[in-house]
Amino acid sequence: MGMGGISIWQLLIVLVIVLLLFGTKKLRNLGTDLGGAVKGFRSTMKDGASAEESSETEREASQDSLAESAEDADSDSDKENAKV
């Protein structure tokens, strides 16, 4: 017994039938297309993750600059109040 009640001999028979129906060239092209699709999916996922990280970094930088500018504005208003 193999996977889920399917023996290795049954799998080999199915493989032979598929080879006879489609031929090796068509199956090779199908495998190449499937591999290219998986590769494209992985690269898209990596690009999305890196874009997400860069946008998060930019967001943090903008928040830091806003905080600094708010602090500068507070110190400038304190200096003006001290002059008056």
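Report on the accompanying structure. What you see is a predicted model, and the numbers here were worked out from it, not measured in a lab. (Residues numbered from 1 in each chain as written. Predicted model: local features only at pLDDT ≥ 70, side-chain atom pairs only at ≥ 80, totals over all residues. Heavy atoms only, no water.)

1. Points about the overall build of the chain
Cut-off, in case you're wondering: Working definition: helices are DSSP H or I runs of at least four residues, strands are E runs of at least two. Numbering for both runs from the N terminus. Burial classes: relative accessible area under 20% of the type maximum marks a residue as buried, over 50% as exposed, and values in between as partly exposed (1.4 Å probe, protein chains only). For the accessible areas, the method is Shrake-Rupley and the probe is 1.4 Å, while residue cover comes only from the protein chains on display.
Counting its regular elements, the chain contains one helix and zero strands. Looking at the chain as a whole, 0% of its 84 residues are labelled buried. Of the roughly 7600 Å² of accessible surface on the chain, 61% is carried by carbon and sulfur atoms.

2. Details of a nonpolar patch on the surface
To keep things clear, this is the line we draw: Patch construction takes residues with relative accessible area above 30% that form no salt bridge. Like charges are linked within 9 Å, and nonpolar side chains (Val, Leu, Ile, Met, Phe, Trp, Tyr) are linked within 5 Å. For salt bridges, the criterion is a side-chain nitrogen of Lys or Arg within 4 Å of an Asp or Glu carboxyl oxygen.
Together, I6, I8, W9, L11, L12, L15 and L19 make up an exposed nonpolar region whose accessible area comes to about 680 Å². With respect to the helices and strands, the residue L19 is situated in helix α1 (residues 8-83). Accessibility expressed as a relative area gives 34% for L19, which makes it partly exposed.

3. Section: a negative patch on the surface
The cut-off we apply is this: The charged-residue count follows a simple rule in which Lys and Arg add positive charge and Asp and Glu add negative charge, with His and chain termini not counted at all. Each charge is placed at NZ for Lys, CZ for Arg, CG for Asp and CD for Glu.
Together, E52, E53, E56 and E60 line one region of the surface with negative charge. Within the secondary structure, E60 is located in helix α1. Relative accessible area serves as the criterion here: at 44%, E60 is assigned to the partly exposed category.

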